[in-house]
Amino acid sequence: MQSLSEEERKVTLQLLGYPEESVGRLMTPDYIAIRETWTVQQVLDYIRQHGGQSETLSMLYVTDAQGVLLDDIRIREFLLAAPTARVRDLMDRRFVQLHANQDQEEAIDVFRRNDRNALPVVSDQGILLGIVTIDDILSIREQEDTEDMQKLGGSEALDEPYLATSIWGMVKKRAGWLVILLIGEMLTTSAMHHFEDDLQKAAVLGLFIPLIISAGGNAGSQATSLIIRAMSLGEFRLSDWWLVMRRELQSGLLLGLILGVVGSFRIVLWATVIDPGYFGPYWQLIAVTVGISLLGIVLWGALAGAMLPMLLKRLGLDPATASAPFVATLVDVTGLIIYFSVATAMLQGTLL
């Protein structure tokens, strides 16, 4: 492995059978392994002789005769120790390791929690196979973030840079989600058809449909983006779903109140100052209807946008699949149902 070029090494690792997105695909066999019986002077002499082949010299790895990892020690410890001291005198046997079949995303979290420039990779038997350095992890982190951002926009992740992707390849990556979202938006038409009689009786209700569905979709998109990023950074666990729901209930309620007040104030301002009579004699009821609807829809959008990524994660799916456009489409359909249900309750016997 050490005699291969970097490109040949990648191919070899693939042939060795490590899963495509496993730590085994990232590791390099270029590291310094030492024995616990060596003296500090022997270690320094060994580094001078073989250190040029190592990926990094910041950490040295102690193994036994079978290659089992016993400890990792910073080179600083050897530079400050007496030449006659033994390696075992510097060992504390507390070290962090990765497994060859471990997912690369898990490795990112391990690096984030530990202040290390490199981490050892071991087999199921604890045998040291190689190391993974921070530059490889940063590269993977960039790829993962790019995929998440592209999925959040309602598209499949691109396999190549934007300008290197063919037009047909771009269409294939984007068309599937657009078709799914279009079919989802068709449910909005079905919802409006269900309330067609109400729209004919009170055509003024149709004026606020874009306002209503956009507010809910925006709230859902905000929540989805925040939750997916927080999950990516490991800021909470799936078992904390109740804490997330409680926070979104509180924030969604406050956001809904703010937007409800703004929406109602707009109607009141138009009906009393700018264009009296524009909304008819029941403008007060219309203002209350829009205000309550915005409260309910924004609250529902925040909850849906937060819970859907966590549900997908629980099912073993990519939470980025709960992209902002998907959540917005879901909230559009349900938002219309909320809006017309509130309108039916508030305007019964007047406009309806």
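In this text, all values refer to a predicted model and were calculated from it rather than measured experimentally.

What counts, and where the lines are drawn
Residues numbered from 1 in each chain as written. Predicted model: local features only at pLDDT ≥ 70, side-chain atom pairs only at ≥ 80, totals over all residues. Heavy atoms only, no water. Phe/Tyr/Trp six-rings, centres within 6.5 Å; stacked < 30°, edge-to-face > 60°. Helix = DSSP H or I, 4+ residues; strand = E, 2+ residues; numbered from the N terminus. Lys NZ or Arg CZ within 6 Å of the ring centre and 35° of its normal. Pairing = 2+ DSSP bridges. Buried < 20%, exposed > 50% of the residue type's maximum accessible area, 1.4 Å probe, protein only. Axes fitted to C-alpha atoms, helices over the stretch in contact; angles between N-to-C directions. Parallel < 35°, antiparallel > 145°, perpendicular 65-115°, else oblique. Left-handed = near helix turned anticlockwise from the far one by under 90°. Nonpolar A, V, L, I, M, F, W, Y, C, P; charged D, E, K, R; others polar. Contact = heavy atoms within 4.5 Å. Core = buried A, V, L, I, M, F, W, Y, C linked by side-chain atoms within 4.5 Å. UniProt positions renumbered as here; feature names shortened; annotations may be inferred. Arc of directions from axis to C-beta.

We now examine the packing of aromatic side chains. On inspection of all chains with the given rule, the structure shows four aromatic pairs. Taken together, a centroid distance of 6.2 Å and an interplanar angle of 90 degrees make the contact between Tyr 31 and Tyr 61 edge-to-face. You can see Tyr 31 sitting in the loop between helix H1 (6-15) and strand E1 (33-34) and its partner Tyr 61 sitting in strand E2 (residues 59-63), a full 30 residues away along the chain. Geometry around Trp 270 places Arg 266 over its ring, the cationic atom sitting 4.1 Å from the centre.

In this section: the sheet that holds strand E4 (residues 98-99). Within the open sheet, the three strands sit side by side as E4-E5-E6. Their pairing is mixed. Across the chains shown, the open sheet's two edge strands, defined by having one partner strand only, are E4 and strand E6 (128-133). As paired strands, E4 and strand E5 (residues 118-122) are joined by two bridges and run parallel to one another. When the bridges of E5 are listed, Leu 98 appears paired with Val 121.

Time to look at the pairing of E5. By the criterion of burial, E5 is predominantly enclosed, with five of the five residues buried. As judged from the five bridges shared by E5 and E6, these two strands associate in the antiparallel manner. Each bridged residue has a counterpart across the sheet, and for Pro 120 the counterpart in E6 is Ile 131.

At a minimum axis distance of 7 Å, the contact between helix H10 (residues 241-274) and helix H11 (residues 283-314) shows a crossing angle of 155 degrees. Considering the angle they form, H10 stands roughly antiparallel to H11. When you trace H10 past H11, the crossing you get is right-handed. Looking at the contact of H10 with H11 residue by residue, the classes come out as 24 nonpolar, seven polar and one charged.

This part is about the environment of Tyr 61. Looking at Tyr 61, the relative accessible area reads 0%, which means it is buried. For the pair Tyr 61 and Ile 34, spaced 27 residues apart in sequence, the C-alpha separation works out to 6.1 Å. For Tyr 61, the residues in contact, after removing those within four places along its chain, are Tyr 31, Ile 32, Ala 33, Ile 34, Leu 69, Asp 71, Asp 72, Ala 118, Leu 119, Pro 120, Leu 128 and Ile 131.

Bringing the pairing of strand E3 (residues 69-74) into the picture now. The buried fraction of E3 is high, at five of six residues. By the bridge criterion, five bridges tie E2 to E3 in an arrangement that is antiparallel. Bridge pairing in E3 links Met 59 to Arg 74. Linking two consecutive strands that pair antiparallel, namely E2 and E3, is a turn of five residues; a positive phi of about 90 degrees is found at Gly 67 within it.

Here we come to the nonpolar core. The biggest cluster of nonpolar side chains holds 30 residues, and the ones touching the most others in it are Leu 205, Phe 208, Tyr 339 and Phe 340. When contributions to this core are tallied by element, the ones reaching two or more residues are helix H9 (209-232), H10, H11 and helix H12 (324-347). For this core, the element with the most residues is H11, which contributes eight residues. Beyond its immediate chain neighbours, meaning those up to four positions away, Leu 205 contacts Asp 198, Leu 199, Tyr 339, Phe 340, Ala 343 and Leu 347. Counting 16 residues, the second largest nonpolar core, distinct from the first, contains Leu 26, Ala 107, Phe 111 and Val 132.

Moving on, we come to the UniProt feature "transmembrane region" (unreviewed entry) in the protein. As annotated by UniProt and renumbered to match this structure, "transmembrane region" (unreviewed entry) occupies residues 175-195, 207-231, 252-273, 285-312 and 324-347. Taken end to end, residues 252-273 is 100% helix and 0% strand, and its first and last C-alpha atoms sit 31 Å apart. Split by type, residues 285-312 is 100% helix and 0% strand. Its first and last C-alpha atoms lie 40 Å apart.

Turning our attention to helix H5 (residues 104-113). For H5, the set of buried residues is Gln 104, Ala 107, Ile 108, Val 110 and Phe 111. All buried residues of H5 fall inside an arc of 165 degrees around its axis, so they share one side.

A word on the environment of Gly 24. Within the fold, Gly 24 resides in the loop between H1 and E1. Between the alpha carbons of Gly 24 and Ile 212 there is a distance of 50 Å; along the sequence they are 188 residues apart.

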